[in-house]
Amino acid sequence: MKDIQVIESTQTTTRQKISAKNVKVSYGETIAIKDVSVEIAPNTVTAFIGPSGCGKSTFLRCLNRMNDTIDICSVTGDIRLDGENIYDRNVDPVQLRAKVGMVFQKPNPFPKSIFDNVAYGPKIHGLARNKSEMADIVENALRKAALWNEVKDRLENAGTGLSGGQQQRLCIARAIATSPEVLLMDEPCSALDPIATAQIEELIDDLRQNYCVVIVTHSMQQAARVSQKTAFFHLGSLVEYGDTDQIFTAPVDPRTESYITGRIG
Amino acid sequence: MSKVTPSLLVRDDRTKRRNAAERRFRFYGLGAIGIAALALVVLLTTVVSSGVGAFRQTYVTLEIALPEDKLDKTGTRDPDLMARVTTFGYAPLLRAALIRQLAELGITTDLSDKHIGEMISKEAVATVRNHVLANPELVGTTLTIDVLTEGRVDGYFKGRVTMESAALDGNTSPEALEIAQRLADLGVIKTRFNWRFLTAPDASDQRPEAAGLGVAILGSLYMMLVVLVLALPLGVAASIYLEEFAPKNRLSDFIEVNISNLAAVPSIVFGILGLAIFINFGGLRQSSPLVGGLVLTLMTLPTIIISTRAALKSVPPSIRDAALGVGASKVQSVFHHVLPLAAPGILTGTIIGLAQALGETAPLLLIGMVAFVREYPAPYSETAGLFGEAATALPVQVFNWTQRADPGFAERASGAIITLLVFLAIMNIAAVLLRRRFERRW
């Protein structure tokens, strides 16, 4: 079994950022995901869509091992980031999460200043040698998250005092401050109003230049707007995966068609 | 059911019954609060009315002649030689001073000299002797000094003793009280605030007027320090581990149940444990604040653990996710984010735990802190070690005084309760203020 893996790893093309093979996740007795295999390309936005409870968030959380925090959760199968198995025994999830950042459903800034929120990641990973470097990193991250102009005069104010949309962009800034390679977003707009949503979507499109973005969304329109690749999950399995245009215009699987036309889910 | 659609302006029977039930419940609630408040008011008024006297004390100003031939026969003014004159040598001087002052002021009485002398506290003799030994040059002069009056005279000025009760009392007489009243009118006897009550050590059965809380307050303070230094880090570390790191399995469930059980163990059991383990087995000193603090630490730990765990639980999981999401390790997420957010809760729990420990009596009785202690305990000494010198504690002092015969001690006990309540109130207010100050919203 080990030998096979070694051979596979040498053969894995580096063109794909993340490649998952036969991933199975179960919470105790309950199976959440069965046999999901996905290849995620760099510099693309990949959207996971599907009805509630279909396992798309669970799968997303496998990609940076956030599921490790749940005791009863077990993951089998093979997930590779740049050809390296992230569930290898030698992989420290802390290092992995510095490479694979995450933005959550509900904006969750730390109850600290805006500056400290963004500076926290670089600080614990030792990315800045001095204060001015740190200030640069923070400014950069806030600029990339399209928040700099709104908050540059009040970096010392509490991050929790911002509006919902600003908070979510602050969380994105926090995630990209550690310069990750992949950005995972778990329904980043579900708690936001349409205007804030539009801002975040625009931002996601910009982020594609530098990062590989994986987004879970409930809104099919959002998936259609921001992503190049779309994966449709249903009842724990990956039903269809392909170019977004193709999924939304010419789905192959009847379940995909039912879902995007609003008959299931 | 009537066919006609009921009007909204008329309440139907169901609504009336429901409203009546609501009114009844509000009434019960108000009643419950009223009874609780009444109990508190009764408790406080009783304690304050009987204890407030302990904070005032009656003194008599004596002009005492200090003859050299009685106090310093050698004439060397050497304190070591002068110390050979015991309090028995001083007692006649004080009595003579009072009798002479009565004569000078024109107060005549049928009272024997012995009984006049008994109006002065037995403590006064020691006060004067210590004063003279500290200032040997006073010998041969006349010393003007305020000394304590006897407990009954003191009680008369606080309303505890009346002419009627004095007539039935073998230790005083209405004549003595009349003299005291005349002296008070002339300003020789005065009642003023009693700092000694908070600073002086305990006194023997015959002199309640001299008893104070000094040793008890020091003992309680030392114990609180021991409890704080031991219980806070232990409790917080244990709860962080249990809440954030421990795997959820049978063993951690078992530990959790037993921590709750520990919180329900009667406090006297901890006293027995302290006696058996710390004193008999560990060889620590009896009556020492160290042992008291260790026993109270054991008692306080479950309180701190339970409140700390509740505080940690109340931190939203999204904060943990956020920290882990940017690549913080588990320990970093706990110490950088979760713990600061839980701090107000931990602090409140700790202070409430300390307040509980401060008021605890039973376990301290078993480890010998009920002893009569007149020496101020030093925090550290060569022979006894850290917090090893014998001390008492505030609640134990209350217990101790309520068992003494002289009614003066009942007043002192209530005064000690007031002191204890004030300390507890300060701690609880501090808990509330700290909570408000450090509470963060998210």
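Everything discussed here concerns the structure shown above.
All of these numbers come straight from a predicted model, not from anything done at the bench.

A. Layout of the overall build of chain A. Secondary structure summary: chain A contains eleven helices and ten strands in total. Computed over the C-alpha atoms, the radius of gyration of chain A is 19 Å, within 12% of the 18 Å expected from 2.2 N^0.38 for a compact globule of 265 residues. Overall, chain A is about 50 × 45 × 35 Å in size when its C-alpha atoms are taken along their principal axes. Long-range pairs, those at least 24 residues apart, make up 67% of the contacts in chain A with a sequence separation of at least 6.

B. Spotlight on the sheet that holds strand β9 (residues 229–234) of chain A. All names here are of chain A. Taken together, six strands build an open sheet; the order of strands is β6-β7-β8-β3-β9-β10 and the sheet is mixed. On the outer flanks of this sheet lie β6 (100–103) and β10 (237–243), each paired with one strand and no other. Ignoring which end each strand starts from, the neighbouring axes of this sheet average 15° apart. As paired elements, β6 and strand β7 (residues 182–186) share four bridges and run parallel to each other. Residue pairing across strands places Gly101 opposite Leu183, the latter belonging to β7.

C. View of the interface of chain B and chain A. Counting from both sides, the interface comprises 20 residues of chain B and, opposite them, 23 residues of chain A. With both sides pooled, the region where chain B packs onto chain A buries about 1,700 Å², and carbon together with sulfur makes up 63% of that total. Between chain B and chain A we count zero salt bridges in total. Across the contact surface, chain B and chain A share four residue pairs in polar contact (both at pLDDT 80 or more). Residue assignment for the side of chain B that touches chain A shows that the elements contributing at least two residues are α15 (317–325) and α16 (330–358) of chain B. If one sorts the elements of the side of chain B that touches chain A by residue count, α15(B) sits on top with seven residues. Tallied by class, the residues present in the side of chain B that touches chain A amount to nine nonpolar, seven polar and four charged.

Rules used in this analysis
Residues numbered from 1 in each chain as written. Chains lettered and ligands numbered in written order. Predicted model: local features only at pLDDT ≥ 70, side-chain atom pairs only at ≥ 80, totals over all residues. Heavy atoms only, no water. Helix = DSSP H or I, 4+ residues; strand = E, 2+ residues; numbered from the N terminus. Rg over C-alpha atoms; globule rule 2.2 N^0.38 Å. Contact = heavy atoms within 4.5 Å. Pairing = 2+ DSSP bridges. Axes fitted to C-alpha atoms, helices over the stretch in contact; angles between N-to-C directions. Buried area = accessible area lost by both parts, 1.4 Å probe. Salt bridge = Lys/Arg side-chain N within 4 Å of Asp/Glu carboxyl O. Polar contact = N/O pair within 3.5 Å; in protein donor to acceptor, adjacent residues only side chain to side chain. Nonpolar A, V, L, I, M, F, W, Y, C, P; charged D, E, K, R; others polar.

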